Amino acid sequence: MTMDHAPAVELRALSKRYGRTEALAGVDLDLAPGSFTVLLGPSGSGKSTLLRCVAGIERLSSGTIVFDGQAVAGPRQHLPAEERGLAMVFQDYALWPHLSVVDNVRFALRRLRLGKAESVARAAAMLDRVGLTGFADRYPAELSGGEQQRVALARALVAGPGLLLFDEPLSNLDADLRERLRVEIATLTRETGATALYITHDQSEAFALADRIGVLDHGHLVQVGSAEDLYRDPATPFVARFTGLAGELPGVVEHAAWSDGCRVRVEGLAIGARQGTGTSLAGGQRVRVLVRAASATIDDGTDGHPAGLPPALGSAPSAVVPAVVSDVAFRGRGYDHVVEVEGGHRLTGIFHARRIERATQVSLRIDASGCIAFPDGPAIPGARAGTGSGTGTGTGAAPGRSGATVPTRSDEPLAAARQG
Ligand code: ADP
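Since this is a predicted model, take the numbers as computed values, not measurements.

### Regarding the pattern of salt bridges
Now for step 1: Here the structure, examined in full by the defined rule, presents 22 salt bridges.
Now for step 2: Here D176 and R180 are joined by a salt bridge, their closest N and O atoms 3.3 Å apart. Within this pair, D176 and its partner R180 are both found in helix α5 (residues 175-192), separated by four residues, close to a single helical turn.
Now for step 3: Overall, D176 belongs to the exposed group, its relative accessible area being 52%.
Now for step 4: For R180, a relative accessible area of 44% puts it in the partly exposed group.
Now for step 5: Ionic pairing is found between R190 and D211, a salt bridge with its closest N-O pair at 2.9 Å. With a gap of 21 residues between them, R190 in helix α5 and D211 in the loop between α6 (203-209) and β10 (212-217) connect regions that are remote in the sequence.
Now for step 6: With a relative accessible area of 39%, R190 lands in the partly exposed category.
Now for step 7: Within the structure, one salt-bridge network assembled from shared partners comprises R241, E248, R288 and D376.

### Here we look at the packing of helix α3 (residues 116-129) against helix α4 (residues 145-158)
Now for step 1: The contact between α3 and α4 brings their axes to 9 Å, and the two run at 130 degrees. As the angle between them shows, α3 and α4 are arranged oblique. The element α3 and its partner α4 pack so that their crossing is right-handed. Contacts from R122, A123, M126 and L127 in α3 reach A154, L157 and V158 in α4.
Now for step 2: By residue class, the composition of the contact of α3 with α4 is six nonpolar, no polar and one charged.

### Things to note about the confidence of the model for the chain
Now for step 1: In this model, the chain carries a mean pLDDT of 86, and residues with pLDDT of at least 70 account for 84%.
Now for step 2: Scored below 50 in pLDDT, residues 379-420 shows 88 contacts in the model against residues more than four places distant or in partner chains.

### Overview of the pairing of strand β19 (residues 345-352)
Now for step 1: As paired elements, strand β18 (residues 335-341) and β19 share six bridges and run antiparallel to each other. Residue pairing for β19: H337 is matched across the bridge by I350.
Now for step 2: Hairpin remark: β18 followed by β19, antiparallel, with three residues in the connecting loop; positive phi at G343, about 90 degrees.

### A word on the sheet that holds strand β12 (residues 247-255)
Now for step 1: Read around the closed barrel, the five strands follow the order β12-β13-β14-β21-β15; overall the barrel is mixed. Neighbouring strand axes in the sheet, compared pairwise and without regard to direction, differ in orientation by 55 degrees on average.

### Description of the packing of aromatic side chains
Now for step 1: This structure, assessed with the given rule, holds seven aromatic pairs.
Now for step 2: Between F238 and F242, the ring centres sit 5.8 Å apart and the planes meet at 5 degrees, which makes this aromatic pair stacked. Of the two residues, F238 and F242 are both situated in helix α8 (residues 237-242); the distance of four residues between them amounts to about one turn of the helix. Each member of the pair, F238 as well as F242, is classed as buried.
Now for step 3: The ring centre of Y231 lies 4.2 Å from the NZ or CZ of R292, which sits over that ring.

### Focus: the environment of A108
Now for step 1: Position of A108 relative to the elements: it lies in the loop between α2 (101-107) and α3.
Now for step 2: Separated by 49 residues in the primary sequence, A108 and L157 place their C-alpha atoms 8.7 Å from one another.
Now for step 3: Ignoring any residue separated from it by four or fewer positions in sequence, one finds A108 in contact with R155, V158 and A159.

### Comments concerning α3
Now for step 1: Taking 1.5 Å of rise per residue, the 14 residues of α3 would be expected to cover 20 Å, and the 20 Å separating its terminal C-alpha atoms lies within 8% of that figure.
Now for step 2: When we look at burial in α3, the residues that qualify are S119, A123, M126 and L127. Buried positions in α3, seen along its axis, are confined to an arc of 105 degrees and lie on one side of it.
Now for step 3: Each element contacted by the buried residues of α3 is listed here: α2 and α4.
Now for step 4: G131 sits one or two residues past α3 and shows a positive phi near 80 degrees.

Conventions we followed
- Residues numbered from 1 in each chain as written.
- Predicted model: local features only at pLDDT ≥ 70, side-chain atom pairs only at ≥ 80, totals over all residues.
- Heavy atoms only, no water.
- Salt bridge = Lys/Arg side-chain N within 4 Å of Asp/Glu carboxyl O.
- Helix = DSSP H or I, 4+ residues; strand = E, 2+ residues; numbered from the N terminus.
- Buried < 20%, exposed > 50% of the residue type's maximum accessible area, 1.4 Å probe, protein only.
- Axes fitted to C-alpha atoms, helices over the stretch in contact; angles between N-to-C directions.
- Parallel < 35°, antiparallel > 145°, perpendicular 65-115°, else oblique.
- Left-handed = near helix turned anticlockwise from the far one by under 90°.
- Contact = heavy atoms within 4.5 Å.
- Nonpolar A, V, L, I, M, F, W, Y, C, P; charged D, E, K, R; others polar.
- pLDDT = per-residue confidence, 0-100.
- Pairing = 2+ DSSP bridges.
- Phe/Tyr/Trp six-rings, centres within 6.5 Å; stacked < 30°, edge-to-face > 60°.
- Lys NZ or Arg CZ within 6 Å of the ring centre and 35° of its normal.
- Expected span 1.5 Å × (residues − 1).
- Arc of directions from axis to C-beta.

Structure, rendered in structure tokens:
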């Protein structure tokens, strides 16, 4: 299958088992042509498995993958990776160490059978676009991690693939570089018009890059939506935790007096909250109020509406509760505070332009629109409150890759020998 345009991708009931491990449990997902989708989940949630199945590096246990109406993987079908018309960018760059930068990029053009002059010209033009003018004759070992990843990006883009797959490409880079390269990935990918699927365990990366985000929890795709959808209306406590919380307040519903909101008694405090998606809370029910950092402000008399949240519920106005500052961190634009409310419950990441010292008594305004009440249940493994950045660092077990339009670690020397 050749692909000179951005395909629509349909994933239907994808399942993948490794022995007793169910890495993917019936995932359905549609990617619109030219869209940028990010799969977000902690380590072990099945992100790499899904990406490898789409790439054709891994076989499905069941389900189908369709590119533009044509099945590429299914019960009796498995189109090899190199015939799927896609390119992939890996976490560890996967460059050929014995090839110069320009030849690494040209490698992706080999199937087009261009003359040498033309392939060098196209590779050089792509290197210019990723900011590597003048690097053509260097070798990967002579480059920084960020430069190597730019070469990998140029290699992925140079042949104009319709589908681009990104496997945590920024994980090995420093924060500052990560930010810059993230912007370039977003810009260049959108310029090419390719359909993009990107996996990460980093919520801020997902929010920054995606048109749509899919959240994976133990092989289940638990929610798909825009960053705003996920932030406003998380489908489950797991999604709420994984997309950034200030903290969680356990309490009891005072009355379930209106359709989507409630008042929750937390120790001696009364907090207004929205009811979590799909829940119907009753008075007296035990709940956890999941608090978005944007909804809690240290009250300084002004009345600003928090970004990213719906308007406050008329019937559940913001609560103003006493709190004590237990920590403060400088964040450049202002300060993030940790505050403690009654019962010793902590809320983190509470922004204020001014530094408020530890042990200061403050009034904390908690806007009901950013408080989401779910029935209290067992904690969900793999999620961590307050960070939104997940618990893991990578892609879990990574078996040898083969086949994609880039060389792979395991077969590099072999393929190199074949090339030579
Ligand atoms: P993520 O990319 O989100 O970290 P993975 O897709 O790598 O998650 O892994 C999902 C689950 O499948 C994990 O429990 C992992 O241990 C398991 N797994 C992944 N690859 C293999 C493999 N080749 N053999 C056995 N188990 C695997």
